[in-house]
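Take a look at the letters that make up each chain.
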Amino acid sequence: MTLNKYPPHQLHKPVLLKQATILLKPIKGEKYLDLTAGFGGHAKEVLEKVGNGKNLTLVDRDLVAISALDSFRKLGAEVIHDSFYAAVTKLRKENRTFDMVMLDLGVSSPQLDSPERGFSFSRNSKLDMRMDASQKLSALEIVNEWPVDKIASIIQNYSEDPFARAIARAIVDSRPHESTKRLADVISRAVRSRVGGSRSRIHPATRTFQALRIAVNDELGQLEKTLPMLPDLMKIGGRLVIISFHSLEDRIAKNFLQEESSSGYESRLKLLAKRPISGSEYDASNPRARSAKLRGAVKIKT
Ligand SMILES: C[S@@+](CC[C@H](N)C(=O)[O-])C[C@H]1O[C@@H](n2cnc3c(N)ncnc32)[C@H](O)[C@@H]1O
């Protein structure tokens, strides 16, 4: 078996690969659960160390990622197309346990960059933003059908944009929406009318687009419901690594790890590093790693 025959997808450069692998510490024969397998960048590194595809369980809710994981399936890996919440619920019911559990949150580069996925306004496309294309709720439904208060609240909660209310009003007043570019222009005008000509480093629509994406995919809800189940899936001595890209995601991960590691004798986990490992410091050559934070823990008690 030549593992190098199966390089990770060229379009997605795994974030903090070296640091994640150091914390996961894969050893020959160990079992790996990747809950956000994507294009297999982290999984490939682990596969090389554990030595057998059968030791890998790879989960993703995106069918494009699932088909990209076919090379792992051919090596015997278990590939699950589902949300990580649903997958973890099922694996837990089956009393499955692993030596390593990986969560590399958010979206992959191919998801963000493919115009037909409708995540981005850098190229004009039909708004969508669903990681799982079989899901009903899309960004199109939110911007065309949700009431102004509900839209303002997701922009406020998920992006903390000070102009959340004005942006939501402008979105509702300029219905119907179809394309990413027009929505970005509407948001841009709403923000510029408030701040005058002042220039920000990021496009005025960036934060709203991120908030819409988080809402469409229930990203924070998935994480909050899944984390408490993870220690049950870990063997004693098993390692958990979480990479987050958004301050709210990182806060959920940090609070969970703190709770699980600070109850003295009762604690199920022990932190592998007190402070998060930052992408801007340790993976500076990868533009996707700019906002990444990596945290890790080891299971010490059932
Ligand atoms: C940052 S990418 C992972 C990249 C991967 N580590 C690699 O190196 O190729 C995140 C992946 O997680 C998936 N994902 C995000 N949230 C998910 C969820 N709640 N359930 C299942 N998959 C999810 C996305 O579809 C995406 O493919």
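Residues numbered from 1 in each chain as written. Predicted model: local features only at pLDDT ≥ 70, side-chain atom pairs only at ≥ 80, totals over all residues. Heavy atoms only, no water.

A. Summary view of the overall build of the protein chain. Scanning the protein chain from N- to C-terminus turns up 15 helices and eight strands. Over its C-alpha trace the protein chain gives a radius of gyration of 20 Å, about what one expects of a compact globule, namely 19 Å for 302 residues. Taken over the C-alpha atoms alone, the protein chain extends approximately 60 × 45 × 40 Å along its principal axes. The 302 residues of the protein chain split such that 55% are buried. Restricting the contact set of the protein chain to residue pairs at least 6 apart, pairs at least 24 apart contribute 68%. For the protein chain, the computed accessible surface area is about 14,500 Å², with 50% contributed by carbon and sulfur atoms. (Helix = DSSP H or I, 4+ residues; strand = E, 2+ residues; numbered from the N terminus. Rg over C-alpha atoms; globule rule 2.2 N^0.38 Å. Buried < 20%, exposed > 50% of the residue type's maximum accessible area, 1.4 Å probe, protein only. Contact = heavy atoms within 4.5 Å. Areas by Shrake-Rupley, 256 points an atom, 1.4 Å probe, with all protein chains shown as cover.)

B. Up close: the domain arrangement of the protein chain. Once the domains are mapped, the protein chain shows domain 1 (3–110 + 220–299) and domain 2 (136–216). Using C-alpha coordinates to define each centre, domain 1 is positioned 31 Å away from domain 2. Summing both partners gives a buried area of about 490 Å² for domain 1 against domain 2, and 57% of it is carried by carbon and sulfur. It is Leu-220, His-246 and Leu-248 that lose the most area in domain 1 upon contact with domain 2, and together they represent 66% of the buried surface on that side. Taken together, the links from domain 1 to domain 2 amount to zero salt bridges. Applying the counting rule to domain 1 against domain 2 returns one residue pair in polar contact (both at pLDDT 80 or more). Tallied by class, residues from the side of domain 1 that touches domain 2 come to three nonpolar, two polar and one charged. (Domains from an automatic or database assignment. Buried area = accessible area lost by both parts, 1.4 Å probe. Salt bridge = Lys/Arg side-chain N within 4 Å of Asp/Glu carboxyl O. Polar contact = N/O pair within 3.5 Å; in protein donor to acceptor, adjacent residues only side chain to side chain. Nonpolar A, V, L, I, M, F, W, Y, C, P; charged D, E, K, R; others polar.)

C. Quick look at the site of the ligand. Around the ligand there are 24 residues in total, and His-42, Asp-60, Phe-84, Asp-104 and Gln-111 lie nearest to it. Backbone polar atom of Phe-39 to an oxygen atom of the ligand: 2.9 Å apart, as the coordinates give it. Take Phe-84: an N or O atom from its main chain is 2.7 Å from a nitrogen atom of the ligand. Calculation on the ligand without its partners gives an accessible area of 610 Å², and the protein chains cover 98% of this total. Looking at the shell around the ligand residue by residue, the classes come out as eight nonpolar, 11 polar and five charged. (Near = heavy atom within 4 Å.)

D. Structural detail: the pairing of strand β5 (residues 234–244). The element β5 is extensively covered by neighbouring structure, given that eight of its 11 residues are classed as buried. Here six bridges tie strand β4 (residues 98–104) to β5, and the two strands are oriented parallel to one another. Within the sheet, the bridge partner assigned to Phe-98 lies in β5 and is Met-234. The sheet contact formed by β5 and strand β8 (residues 293–299) spans six bridges and is antiparallel. Note on β8: the bridge partner recorded for Ser-244 is Lys-293. (Pairing = 2+ DSSP bridges.)

E. Representation of the packing of aromatic side chains within the structure. Applying the stated criterion across every chain, the model contains one aromatic pair. Ring centres 4.8 Å apart and planes at 75° place the aromatic pair Phe-121 and Phe-209 in the edge-to-face group. Linking Phe-121 in the loop between α6 (109–113) and α7 (139–145) with Phe-209 in helix α11 (residues 206–216), this pair joins segments that are 88 residues apart in sequence. Stacked on the ring of Tyr-85, the Lys or Arg Lys-225 has its end atom at 4.2 Å from the ring centre. (Phe/Tyr/Trp six-rings, centres within 6.5 Å; stacked < 30°, edge-to-face > 60°. Lys NZ or Arg CZ within 6 Å of the ring centre and 35° of its normal.)

F. Up close: the side chain of Ser-120. Along the polypeptide, Ser-120 turns up in the loop between α6 and α7. A polar side-chain atom of Ser-120 sits 2.8 Å from a polar atom in the side chain of Ser-122.

G. Quick peek at helix α10 (residues 180–195). Counted at 1.5 Å a residue, the expected span for α10 with its 16 residues is 22 Å, and the 22 Å between its end C-alpha atoms agrees. Along α10, the positions that sit buried rather than exposed are Thr-180, Leu-183, Ala-184, Val-186, Ile-187, Ser-188, Ala-190 and Val-191. Taken together, the buried residues of α10 touch α7, α9 (164–173) and α11. (Expected span 1.5 Å × (residues − 1).)

H. Summary view of the packing of α10 against α11. For the pair α10 and α11, interaxial distance at closest approach is 9 Å and the crossing angle is 125°. In terms of axis orientation, α10 runs oblique to α11. Judged by the sense of rotation from one axis to the other, the crossing of α10 with α11 is right-handed. The residues of α11 that touch α10, namely those facing Thr-180, Leu-183, Ala-184 and Ile-187, are Thr-208, Phe-209 and Leu-212. Grouping the constituent residues of the contact of α10 with α11 by class yields five nonpolar, two polar and no charged. (Axes fitted to C-alpha atoms, helices over the stretch in contact; angles between N-to-C directions. Parallel < 35°, antiparallel > 145°, perpendicular 65-115°, else oblique. Left-handed = near helix turned anticlockwise from the far one by under 90°.)

I. Representation of the pattern of salt bridges. Inspection of every chain in the model, using the stated rule, returns 21 salt bridges. Its salt-bridge partner being Arg-117, residue Asp-62 comes within 3.0 Å of it at the nearest N-O pair. Of this pair, Asp-62 sits in the loop between β2 (56–60) and α3 (63–68) while Arg-117 sits in the loop between α6 and α7; the two residues are 55 residues apart in sequence, bridging distant segments of the chain. Of the residues examined, Arg-117 reaches a relative accessible area of 11% and is grouped as buried. Lys-235 is paired through a salt bridge with Asp-99; the nearest N and O atoms lie 3.7 Å apart. Here Lys-235, found in strand β5, pairs with Asp-99, found in strand β4; they are 136 residues apart in sequence, far enough to count as distant. Taking relative accessible area as the criterion, Lys-235 reaches 30% and is therefore assigned partly exposed. By relative accessible area, which is 12% here, Asp-99 ends up buried.

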